[in-house]
Structures are given as C-alpha cells and as structure tokens.
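Reading the structure
Each chain, letter by letter, is given below.
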Amino acid sequence: MFFATLFNIGYLSRGAVMLNSLKKSLDVDFKLFILCLDDEVYRYFEGNSDVIRIKLTDIESNFPELLNVKDSRKFNEYIFTLSPFLPLYILNNYKFVDRITSLDADLFFLNSPKYVLDELGNNLIGITSHGFSSLNQNLEIYGRFNVSFQSFPNTDAASNCLLEWANNCLDFCGDYINSNSGMFADQKYLDDWQQKYDFIKVFGSPQIGLAPWNVPQYKLLYSDSKFCIEGSKSVIFYHFHNFRIRSSYLALHGISSYGLDKLDRGLLVLYRDYWKLIDNVKISNFDDGLRFNYSSFTGQNNILRDLAYLPVLIRFKSIVLNLDLRYIFRFILKFKKIWPK
C-alpha cells in the first residue's frame with residue numbers, strides 16, 4: 001500500500017506521529033511518500049525504510065508551472081496548490097504504485113484503513129466528506145469535502161482527474177472564497193466530482209474523517225484501549241485540525257470553534273494520548289520552539305490572546321483537564337470593576 005503526505009519542520013512531530021500510527025494500524029507492507037518542504041524534514045527521515053522522500057524541487061522541476069504562482073501566494077496557499085501535484089507526480093514517476101492515498105500530516109490512525117481502500121477496487125477515486133454537524137452546516141460554503149484523505153488509482157481516468165484539479169489549483173487556490181467562482185483553496189473543486197465523474201466514492205464520517213467540525217454530533221467512546229463511536233463502527237482515524245500545542249503543559253483543542261467547548265472522556269483521552277506522542281518525538285538538532293508552533297505558518301504564538309477566549313487543555317503527567325478560562329477572565333474583569341481604587 002502506498003500513501004503520501006507533505007509538511008515542513010513546523011509539522012514534523014505530527015508527521016512522525018501520523019507515520020507511526022499508520023504503521024501500527026496496518027498489518028501489510030506499505031510506503032509513505034513524504035514531500036519534504038525543507039531540508040530538516042528531508043534529513044530527519046533519512047534511513048527510514050517506511051519512507052520515500054521527495055524534495056520540493058523534484059515536484060517543481062516536474063511541474064515548472066508551479067513556479068509561475070509560487071511567489072504570488074502565501075505559504076499555506078502554495079501548500080494547498082500542491083495537493084493534486086503530489087499524487088500526480090507519484091503516479092507519473094513510480095509506476096509500481098497501483099494506488100496512492102494522500103494524507104494530511106495531522107491525521108492519527110486508530111484502525112487500519114486497508115479494508116475501506118480495498119473497497120475502491122482498481123478504478124474508484126475515494127474522497128472524504130466533511131460530514132458537518134448540524135451546528136456547522138453553514139461551513140459547506142467552503143466545500144463539502146475535506147482534502148485530508150483521498151485515494152487515486154493508477155489509471156488514465158484518475159490521472160486526468162488529478163491533472164484537471166491541478167490546473168484548477170493553478171488558476172486559484174486562495175485561503176478565502178473567490179467572489180467570482182465561489183471556489184475556496186483546494187477543496188471546493190471537489191464539490192462537483194460526483195456529477196462530473198462516474199468513478200468517485202465518498203468516504204463518510206465518522207468512520208472516515210472524524211474531525212472537530214463533525215465530532216460534536218457524536219459520542220466518542222473509549223474502552224479496552226480502543227476508540228469507537230457510540231452505535232457505529234470503529235473509527236479509522238481522527239483529524240487533529242487546529243490543535244495548538246503551546247508547551248508540554250498547555251494546548252488548545254480548537255473544537256470550540258465548531259460548537260463544542262467541553263470534551264467528553266473519550267475525546268479527552270484521545271487528545272491526551274496524541275499530545276503525549278507529539279511530546280515524545282525526539283527531534284535532535286532541531287529548535288524545540290518550532291515543534292510546538294502549530295498555530296500558523298507565520299510563527300505567531302500569542303498565548304495570552306489564546307487564553308483570553310478559548311478553552312484550553314492543561315496536562316500534568318497522565319492527567320488532562322479541559323478548562324474554559326473565559327469564565328475566569330470574565331470573573332477577574334468583573335472583580336476589577338468593583339475593586340476599590
């Protein structure tokens with residue numbers, strides 16, 4: 001089985017944890033292609049037998065049209081632009097790859113994805129639905145599908161689909177909704193794939209694609225060291241979108257942005273375990289300050305701003321607490337008003 005992802009040093013710890021979780025979940029041989037967005041990532045995975053490293057310059061040499069838009073786009077927009085080019089590059093240059101499945105670096109595998117990928121057979125493309133909860137239906141304006149887990153067979157039809165998607169992303173891949181076309185980043189283009197192609201299969205949440213934008217509608221259970229959704233099948237992976245680690249003791253889960261402030265036991269355990277694994281990744285000769293910088297690609301890290309309005313996770317050894325510091329701040333402000341000068 002063959003998978004692909006991309007990240008820079010800012011997501012290196014997450015990428016390493018994703019790789020380890022994938023390896024633990026699979027009982028078959030696999031390779032993970034990593035598009036290394038900087039030299040640090042390329043060096044880190046040197047000698048790893050599970051990894052095939054690709055340099056960004058390899059992709060750009062193969063698709064020189066990328067250089068025409070690189071300087072005019074923000075870093076994250078350029079990463080969005082690369083989404084179709086990475087699997088297209090692999091299918092074009094590694095003929096032994098029968099199917100390539102693209103992964104976000106912040107996925108964490110809880111069970112094997114093999115059987116859902118086997119269901120695609122030799123010809124189907126698999127894409128992942130956002131599966132928005134009722135609280136988040138308004139977010140469909142950004143796209144019905146999330147570019148985090150999509151699978152492409154090595155067929156002419158799939159390659160043509162990727163090529164069209166690549167051309168779309170060259171035209172526009174902004175981190176905002178285009179006022180003319182209605183497109184957003186790399187993901188809105190997938191909205192019409194089911195109508196355009198007859199070889200698309202949609203992976204549905206919560207089994208595939210459990211994430212902050214849909215988890216409020218489910219109850220995640222934890223028992224016998226396993227996670228599952230109440231009344232549903234086991235969860236294959238969780239997408240730790242917007243999980244901001246500020247230190248070994250402080251993090252923001254980010255789910256409050258999607259209508260869930262308090263995490264139930266299952267989610268707390270999941271975030272605790274993932275956080276501990278991130279912490280345990282040893283990155284020698286790298287700046288530890290960078291490995292906790294997941295809030296943005298620009299390196300901004302305003303802890304006081306975060307604490308002022310978001311629930312946080314506090315970790316001490318194996319204990320994780322979910323605290324909504326907004327109430328504490330409101331109490332302090334109210335107390336300050338009545339305190340005699």
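Residues numbered from 1 in each chain as written. Predicted model: local features only at pLDDT ≥ 70, side-chain atom pairs only at ≥ 80, totals over all residues. Heavy atoms only, no water.

Looking at the overall build of the chain
Put simply, the test is: Only runs of H or I of at least four residues qualify as helices and only runs of E of at least two qualify as strands under DSSP, and these elements are numbered from the N terminus. Throughout this description, buried means an accessible area under 20% of the type-specific maximum (1.4 Å probe, protein chains only), exposed means over 50%, and partly exposed covers the range between. Any pair of residues with heavy atoms lying within 4.5 Å of one another is described as a contacting pair. Methods summary: accessible areas were calculated by the Shrake-Rupley approach with a probe of 1.4 Å, and residue burial reflects only the protein chains presented.
Looking only at helices and strands, the chain features 13 helices and 15 strands. Counting every position in the chain, which comprises 341 residues, the buried fraction comes to 54%. By sequence separation, contacts in the chain at least 24 residues apart represent 71% of the contacts at least 6 residues apart. When the accessible surface of the chain is split by element, carbon and sulfur atoms take 51% of a total near 16300 Å².

Quick word on the sheet that holds strand E1 (residues 2–7)
Filter applied, for reference: Here, any two strands with at least 2 DSSP bridges between them count as paired. Axes here mean lines fitted to C-alpha atoms, for a helix over just the part in contact, with angles spanning 0 to 180 degrees between N-to-C directions.
One open sheet holds the seven strands; their spatial order is E3-E2-E1-E4-E7-E6-E8, and the pairing between them is mixed. In this open sheet, the two strands that pair with only one neighbour each are strand E3 (51–55) and strand E8 (200–203). Taken over all neighbouring pairs, the strand axes of this sheet differ in orientation by 25° on average, direction set aside. Alignment of E1 against strand E4 (residues 99–103), held across two bridges, turns out to be parallel. Bridging from a neighbouring strand, Ala4 pairs with Ser102 of E4.

With respect to the pairing of E3
With five bridges connecting them, strand E2 (residues 31–36) and E3 associate as parallel partners. Among the inter-strand pairings, Leu35 is bridged to a residue of E3, identified as Ile54.

A short note on helix H10 (residues 265–280)
Quick note on the threshold: To estimate the expected span of a helix, count its residues, drop one, and scale the result by 1.5 Å.
Helix length check: H10 (16 residues) gives 22 Å between terminal C-alpha atoms against 22 Å at 1.5 Å per residue, within 8%. If you check which residues of H10 are buried, you get Gly266, Leu267, Leu268, Val269, Leu270, Tyr271, Tyr274, Trp275, Ile278 and Asp279.

Remarks on the nonpolar core
Where we set the bar: Here, nonpolar core means buried Ala, Val, Leu, Ile, Met, Phe, Trp, Tyr and Cys residues that are tied together by side-chain atoms lying within 4.5 Å of each other.
Grouped together as the largest cluster of nonpolar side chains are 56 residues, with contacts concentrated most on Leu103, Phe109, Phe149, Tyr238, Phe243, Leu267 and Tyr271. Those elements giving two or more residues to this core turn out to be E1, helix H1 (12–25), E2, strand E5 (107–109), helix H7 (114–118), strand E10 (226–229), strand E11 (237–239) and H10. With eight residues, H10 is the single largest residue contributor to this core. In this view, Leu103 contacts Phe3, Ala4, Thr5, Met18, Leu22, Leu32, Phe109, Ser148 and Phe149; residues no more than four positions away in its chain are not counted. Core analysis: the second largest hydrophobic core is formed by 46 residues, Leu66, Leu91, Val97 and Phe172 among them.

As for the packing of H1 against H10
Worth spelling out the cut-off: Oblique is the label for any angle not under 35 degrees, not over 145, and not in the 65 to 115 range, which are roughly parallel, roughly antiparallel and roughly perpendicular in turn. We call a crossing left-handed when the near helix sits turned anticlockwise from the far one by less than a right angle, and right-handed when that turn is clockwise. Each residue is assigned to one of three groups, with Ala, Val, Leu, Ile, Met, Phe, Trp, Tyr, Cys and Pro labelled nonpolar, Asp, Glu, Lys and Arg labelled charged, and all others, Gly among them, labelled polar.
It is at 9 Å that the axes of H1 and H10 come closest, and there the two elements cross at 115°. Of the possible angle classes, the one that applies to H1 and H10 is roughly perpendicular. Where H1 crosses over H10, the handedness of that crossing is right-handed. Each of Ser13, Arg14 and Val17 in H1 lies in contact with H10, whose residues at this interface are Tyr274, Leu277 and Ile278. In terms of residue class, the contact of H1 with H10 is built from four nonpolar, one polar and one charged.

Concerning the environment of Tyr176
Here Tyr176 lies in the loop between helix H8 (156–171) and helix H9 (193–196). Taking the relative accessible area as the measure of exposure, Tyr176 reaches 47% and is therefore partly exposed. Along the backbone, Tyr176 and Glu77 are 99 residues apart, and their C-alpha atoms lie at a distance of 9.6 Å. Those residues within four positions of Tyr176 in sequence are excluded, and the remaining contacts are Glu77, Met183, Phe184 and Ala185.

Let's talk about the confidence of the model for the chain
Detail in the predicted coordinates should be disregarded across regions flagged by low pLDDT. Here is the rule: Values of pLDDT, which run from 0 to 100, indicate the predictor's confidence residue by residue.
Taken as a whole, the chain shows an average pLDDT of 86; of its residues, 83% reach a score of 70 or greater. Long-range and interchain partners of residues 336–341, a stretch whose pLDDT sits below 50, account for zero contacts in this model, where long-range means more than four residues apart.

Some words on the layout of surface pockets
Sizing a probe to match a water molecule and rolling it over the atoms shows the empty space that remains. Going by this rule: In this analysis the probe radius is 1.4 Å and the grid spacing 1 Å, with only protein atoms considered; a cavity is a set of points the probe fits into but cannot get out of, a pocket is an open set with protein on both sides within 12 Å along at least five of seven lines, and lining residues have an atom within 4 Å of a point. Grid points are joined across faces, edges and corners, and a volume is the space filled by probe spheres set on the points.
Taken as a whole, the second largest pocket spans an internal volume of roughly 530 Å³. Lining the second largest pocket we find 19 residues, and of these Lys24, Phe108, Phe109, Leu110 and Ser225 sit closest to its centre. Elements represented by at least two residues in the lining of the second largest pocket include exactly H1, E5, E10 and H10. Looking at the lining of the second largest pocket element by element, the count peaks at five residues for H1. Broken down by class, the residue content of the lining of the second largest pocket amounts to 10 nonpolar, six polar and three charged.

Here we look at the packing of helix H6 (residues 85–93) against H8
With their axes 9 Å apart at the nearest point, H6 and H8 run at an angle of 145° to one another. Considering the relative orientation of H6 and H8, their crossing is left-handed. In contact with Phe85, Pro87, Leu88 and Leu91 of H6, H8 contributes Ser159, Leu162, Leu163, Ala166 and Leu170. Residue composition of the contact of H6 with H8, grouped by class: eight nonpolar, one polar and no charged.

Concerning the pairing of E4
With five of five residues buried, E4 lies mostly within the body of the structure. On E4, burial covers both faces: Arg99, Thr101 and Leu103 on one face and Ile100 and Ser102 on the other are all buried. Pairing of E4 with strand E7 (residues 145–153), which is carried by five bridges, proceeds in the antiparallel orientation. Opposite Thr101, over in E7, you have Ser151 as the bridge partner.

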